[in-house]
Amino acid sequence: MNSYSFYLVRRLRAAAAIGLLLAGGMSLPAQAGIETIKRMCIEEKGLRECSVSRPSFKPPAGWTVDREVGANRGIEVFLPAGKSFGNAPVLIFGEARPNPGKTPLAEWVASSDRKWTAMQRDAKVVDLPGVDLGSAKREVIVHRYENPTMKNQPIEIIAYFADEDASGNAFVVRLTLSGLRAKAIEETRGVFDSVLRSY
């Protein structure tokens, strides 16, 4: 895990608690890739139109898309059927981080991990085998993050890969499996891998 991911989950859980006023940008992309959408952003001074780039993943069978929470952050959030953002034992979300310098993927991930472990001294980062996306697909780096002092996200698995939007802008796409218990994470790993392969 890293500082941005930690910040994101905290903001998302808080947003779910108070509700969000959203407009625009609610539809999901029709196919895999990164697209830039226009939406209304909530800021201290009120609403304004802004653009955000986000990846598209196929929702796993038996899971639902939390459009309200996801649209406000320019991400996709998947929840087990019948669960809400506030009570789901696990959740899966995808995001696209700009990589304007086209930093090599391994270097980008290593830098992110260094920043995270510098902030969280007890955090543990474990390299996991990459997911096979086929010979024609891209490199994927998968890490497991153990954060004992983080009550809301003690365990996460994040898969990283590089992609570009239609205009050639570079991004690092991150697909995160977040949960409160190791058992729930392990039981959901197969679902997580299927979402990754859907891209």
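Notes on the structure follow. (Residues numbered from 1 in each chain as written. Predicted model: local features only at pLDDT ≥ 70, side-chain atom pairs only at ≥ 80, totals over all residues. Heavy atoms only, no water.)

A few words now on the nonpolar core. Judged by nonpolar contacts, the single largest core of 25 residues is most densely connected at Phe57, Ile92 and Leu196. A total of five residues in this core trace back to one element, the largest contributor, which is helix H4 (residues 182-197). When near neighbours in sequence (up to four residues on either side) are disregarded, phenylalanine 57 contacts Glu76, Phe78, Gly94, Phe161, Val173, Leu175, Val195, Leu196, Ser198 and Tyr199. Residues Leu105, Val109, Ala123 and Met150 belong to the second largest nonpolar core, which totals 11 residues. (Core = buried A, V, L, I, M, F, W, Y, C linked by side-chain atoms within 4.5 Å. Buried < 20%, exposed > 50% of the residue type's maximum accessible area, 1.4 Å probe, protein only. Helix = DSSP H or I, 4+ residues; strand = E, 2+ residues; numbered from the N terminus. Contact = heavy atoms within 4.5 Å.)

A full pass over the atoms with the stated rule returns four aromatic pairs. Geometrically, the ring pair formed by phenylalanine 57 and tyrosine 199 is tilted, given 5.0 Å between the ring centres and 45 degrees between the ring planes. Note that phenylalanine 57 is positioned in the loop between strand E2 (46-56) and strand E3 (63-65) and tyrosine 199 in the segment after H4, a separation of 142 residues in sequence. Of the two residues, phenylalanine 57 and tyrosine 199, both sit in the buried class. Through successive ring pairs, a cluster of aromatic residues spans Phe57, Phe161 and Tyr199. (Phe/Tyr/Trp six-rings, centres within 6.5 Å; stacked < 30°, edge-to-face > 60°.)

Topologically, aspartate 122 is positioned in the loop between helix H3 (105-119) and strand E6 (124-128). The exposure class assigned to aspartate 122 is partly exposed, which follows from its relative accessible area of 32%. Residues aspartate 122 and proline 148 lie 26 residues apart in sequence; the distance between their C-alpha atoms is 6.9 Å. The contact partners of aspartate 122, leaving out residues within four places of it in the chain, are Glu146, Pro148 and Thr149. At a separation of 3.3 Å, a polar atom in the side chain of aspartate 122 contacts the side chain of threonine 149. (Polar contact = N/O pair within 3.5 Å; in protein donor to acceptor, adjacent residues only side chain to side chain.)

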